[in-house]
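Overview (structure and organization)
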Amino acid sequence: MKVLIALPAYNEEANISNVLTDICRYRQKSRYELELLVVDDVSTDQTPCIVEQFARRHGFVNLIRHKKNKGLGEAIKTIFRYALNYLEAEDVLVTMDADNTHNPFLIESMVGNLISRNLDLVVASRFATGGCELGLKALRKFYSRGAMFFFKLFFPIKNLNDYSSGFRAYRAGIIRQALEEWDELVTTNGFDCMAEIAAKLSKMAIRAGEVPLILRYELKKGASKMKVAQTVKGYFSLLAKVR
Ligand SMILES: Nc1nc2c(ncn2[C@@H]2O[C@H](COP(=O)(O)OP(=O)(O)OP(=O)(O)O)[C@@H](O)[C@H]2O)c(=O)[nH]1
Ligand SMILES: [Mg+2]
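Quick caveat: nothing in here was measured; it's all calculated off a predicted structure.

1. Topic: the overall build of the chain
Along the backbone of the chain there are 8 helices and 9 strands. Relative to the 2.2 N^0.38 estimate, which gives 18 Å for 243 residues, the radius of gyration of the chain is 17 Å and therefore close to what a compact globule would have. Its C-alpha atoms put the chain at 45 × 35 × 35 Å along the principal axes. Taking all 243 residues of the chain together, 43% fall into the buried category. Of the contacts formed within the chain by residues at least 6 apart in sequence, a portion of 83% connects residues at least 24 apart.

Now the structure itself:
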């Protein structure tokens, strides 16, 4: 069984070295066969050079560079396409942020849960018991909680609370199944793409679970790229898009 860890990355030169170093450390400890993919979206900083340096030293590191900046949603599509080419149905795709807010050592229990409990999706969740957000502004916390109630109401998935977390483990087979059902899992290029995927999966009777995520926002260097108003608008548009 293979585990593909995939990171969308845009202008993360201040964070990506730490993230890749932590993933290398984690890989030495993990019982799984790990591969890594970074999808760079025409960063204007050193991000792709840093990833290339890692790729030269570590055979398990792969880099795809988009030719034009197409936004987070397109990066996730590239990741799904790559995963479907590279993984068998029982293999696992893990997505995580490249901004050093997600601890790769958590992947072990995410994948462990996915397999032992025979789940299709495991989300590293700020809202599971033991999870929290460190260093995040009160307003952002308020938004993410609002999103939780919205999605639990309109797109319920049993055992899922954190719909916008980008730190997730999917069984590769469920992505193929979802693509057969929906043609496109991602129709936005913005930050609402994570929730769109979850909303679509909510219509498919998937088996989901969560592990607690301690979001290490204080470790992140640089400003947030998330556009709040556009993301919220995207959430509401899902009511019409996903039925
Ligand atoms: N490929 C690609 N990745 C992006 C783009 N915009 C952001 N990302 C990456 O997507 C991930 C999520 O972006 P973040 O800025 O961390 O957004 P967030 O986690 O929703 O919110 P904050 O952490 O508060 O900024 C990070 O790894 C970013 O580098 C983009 O246009 N293309
Ligand atoms: Mg982030």
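2. Re the packing of helix α1 (residues 16-29) against helix α2 (residues 47-57)
α2 packs onto α1 with a crossing angle of 25° between their chain directions and a minimal axis gap of 10 Å. It follows from the interaxial angle that α1 and α2 lie roughly parallel. Judged by the sense of rotation from one axis to the other, the crossing of α1 with α2 is right-handed. Counting all contacts with α1, which are made through Ile16, Ser17 and Leu20, the residues of α2 involved are Thr47, Ile50, Val51 and Phe54. Residue composition of the contact of α1 with α2, grouped by class: 5 nonpolar, 2 polar and no charged.

3. Side note on the site of ligand 1
For ligand 1, the set of nearby residues contains 21 residues, the closest of which are Pro8, Tyr10, Asp41, Ala75 and Ser224. Secondary structure elements with two or more residues in the shell around ligand 1: β1 (2-9) and α3 (71-86).

4. Some words on the sheet that holds strand β5 (residues 121-125)
Spatial strand order, β3-β2-β1-β4-β7-β5-β8: 7 strands in an open sheet with mixed pairing. The open sheet has two free edges, formed respectively by β3 (61-65) and β8 (208-212), since each of these has just one partner strand. Between one strand and the next, the sheet's axes are offset by a mean angle of 20°, whatever the strand orientation. With 3 bridges connecting them, β5 and strand β7 (residues 168-171) associate as antiparallel partners. The residue bridging Val123 from the neighbouring strand is Arg168, located in β7. Where α2 meets the sheet, it contacts β1, β2 (33-40) and β3, and its direction lies at approximately 150° from that of β3. On the sheet, helix α6 (residues 172-182) packs against β4 (92-95), β5 and β7 and is oriented at approximately 75° with respect to β7.

5. Things to note about the pairing of β2
Most of β2 is tucked away: 6 of the 8 residues are buried. Pairing of β1 with β2, which is carried by 8 bridges, proceeds in the parallel orientation. In the strand pairing of β2, Val3 is matched with Leu34. One crossover worth recording links β1 to the parallel β2 by way of α1, and it is right-handed. Pairing of β2 with β3 involves 5 bridges; the strand directions are parallel. Paired with Leu36 across the bridge in β3 is Val61.

6. Considerations on the environment of Ile157
Within the fold, Ile157 resides in the loop between α5 (138-154) and β7. Spatially, the C-alpha atoms of Ile157 and Pro8 are 25 Å apart, while their sequence positions differ by 149 residues. Ignoring anything within four residues of it in the chain, the contact list for Ile157 reads Ala198, Leu201, Ser202, Ile206 and Ala208.

About the cut-offs
- Residues numbered from 1 in each chain as written.
- Chains lettered and ligands numbered in written order.
- Predicted model: local features only at pLDDT ≥ 70, side-chain atom pairs only at ≥ 80, totals over all residues.
- Helix = DSSP H or I, 4+ residues; strand = E, 2+ residues; numbered from the N terminus.
- Rg over C-alpha atoms; globule rule 2.2 N^0.38 Å.
- Buried ≥ 20, exposed ≤ 12 C-beta atoms within 10 Å, placed from the backbone.
- Contact = placed C-beta atoms within 7 Å.
- Axes fitted to C-alpha atoms, helices over the stretch in contact; angles between N-to-C directions.
- Parallel < 35°, antiparallel > 145°, perpendicular 65-115°, else oblique.
- Left-handed = near helix turned anticlockwise from the far one by under 90°.
- Nonpolar A, V, L, I, M, F, W, Y, C, P; charged D, E, K, R; others polar.
- Near = placed C-beta within 6 Å.
- Pairing = 2+ DSSP bridges.
- Right-handed = clockwise from strand over helix to strand, strands pointing away.

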